Amino acid sequence: ELVARARRGDDAAFGTLVDRHRTAVFRAALAALGAREEAEEVVQEAFVAAFRHLPDFREDASFKTWLLSIAWRKALTRRRAVKTFFRRFVQPPEDTEWQVPDDGPTQEQGVLDKELRGHIRREISRLTPRLRDALLLSAAGEHSYSEIAGMLGIPVGTLKWRVNEARRRLRGRLAEMGYGNV
């Protein structure tokens, strides 16, 4: 109903669609890009594109899946940009400050945990884009396998295989580094 009203020019109906799906679109973009600012820009671009292409929506899938597909493609395009590549891999991430926990793990455990997270990030970045994208989207926990499969344009069975294969490869690489229980 909201989509039909939005197609007829009801801006409030489209606004309601934006409100309903903003979080899901943001999380998909964040999973692809890893940077909040970049993800926020992609969210805006995705909603503008969806508004412009609303007449093209064929209702083969849900509006949410269609919208997530737009957002995912926009995020991948942005991720491929040289500027984004530089930001993601040369500049340190926002959470690199040293913090001493008050009542939590020891400093030594904190350093080891940070080291492990770094190894995991590196190994995820070394996965093929197909495996990495499937893993990141499923790990975000915001979308069902059928929604993710729709976003990536693949069958659900293929998505499940890619996620399992990515996890298997990560476990193997981490085991080679001495992290056998991860």
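Refer to the structure presented above.
Quick caveat, the model's predicted, so the values are computed rather than measured.

Considering the pattern of salt bridges
Here's step 1: Tallied over the full model, the rule gives ten salt bridges.
Here's step 2: Of the charged contacts, one joins aspartate 10 and arginine 5 as a salt bridge, the two residues approaching to 3.0 Å between their closest N and O atoms.
Here's step 3: Take arginine 5: its relative accessible area is 27%, and that puts it in the partly exposed class.
Here's step 4: Residue aspartate 19 pairs with arginine 22 through a salt bridge whose shortest N-O separation is 2.7 Å. One end of the pair, aspartate 19, and the other, arginine 22, are both in helix 2 (residues 11-33), three residues apart, so they sit about a helical turn from each other.

Structural notes on the side chain of glutamate 123
Here's step 1: Turning to its location among the elements, glutamate 123 is positioned in helix 6 (residues 107-126).
Here's step 2: Using a relative accessible area of 7% as the deciding quantity, one classes glutamate 123 as buried.

Topic: helix 8 (residues 145-152)
Here's step 1: Among the residues of helix 8, those classed as buried are Glu147, Ile148, Ala149 and Met151.
Here's step 2: Tucked inside the fold, the buried residues of helix 8 contact helix 2, helix 4 (63-80), helix 7 (129-140) and helix 9 (156-176).

What about the packing of aromatic side chains?
Here's step 1: In total, this model carries four aromatic pairs according to the counting rule given.
Here's step 2: Between phenylalanine 14 and phenylalanine 51, the ring centres sit 5.1 Å apart and the planes meet at 70 degrees, which makes this aromatic pair edge-to-face. Here the residue phenylalanine 14 occupies a position in helix 2, and phenylalanine 51 occupies one in helix 3 (residues 36-52), the gap between them amounting to 37 residues.
Here's step 3: Overall, the relative accessible area of 8% leaves phenylalanine 14 in the buried class.
Here's step 4: Overall, phenylalanine 51 belongs to the partly exposed group, its relative accessible area being 43%.
Here's step 5: A ring pair is formed by phenylalanine 63 and tryptophan 66, whose centres lie 5.6 Å apart and whose planes are at 45 degrees; its orientation type is tilted. Of the two residues, phenylalanine 63 and tryptophan 66 are both situated in helix 4; the distance of three residues between them amounts to about one turn of the helix. The burial state of phenylalanine 63 is the same as that of tryptophan 66; both residues are buried.

Description of the side chain of serine 138
Here's step 1: Relative to the assigned elements, serine 138 resides in helix 7.
Here's step 2: Since its relative accessible area comes to 13%, serine 138 is described here as buried.
Here's step 3: Within the structure, the side chain of serine 138 is placed 3.0 Å from the backbone oxygen of leucine 135, a separation counted as a polar contact.
Here's step 4: Beyond its immediate chain neighbours, meaning those up to four positions away, serine 138 contacts Tyr145, Ile148, Val163 and Arg167.

A closer look at the environment of histidine 21
Here's step 1: On the secondary structure map, histidine 21 appears in helix 2.
Here's step 2: Among the residues examined, histidine 21 registers a relative accessible area of 12% and is labelled buried.
Here's step 3: Spatially, the C-alpha atom of histidine 21 lies 6.8 Å from that of lysine 64, the residues being 43 residues apart in sequence.
Here's step 4: Contact partners of histidine 21, with chain neighbours within four places excluded, come to Phe47, Phe63, Lys64 and Leu67.

Cut-offs and rules
Residues numbered from 1 in each chain as written. Predicted model: local features only at pLDDT ≥ 70, side-chain atom pairs only at ≥ 80, totals over all residues. Heavy atoms only, no water. Salt bridge = Lys/Arg side-chain N within 4 Å of Asp/Glu carboxyl O. Buried < 20%, exposed > 50% of the residue type's maximum accessible area, 1.4 Å probe, protein only. Helix = DSSP H or I, 4+ residues; strand = E, 2+ residues; numbered from the N terminus. Contact = heavy atoms within 4.5 Å. Phe/Tyr/Trp six-rings, centres within 6.5 Å; stacked < 30°, edge-to-face > 60°. Polar contact = N/O pair within 3.5 Å; in protein donor to acceptor, adjacent residues only side chain to side chain.

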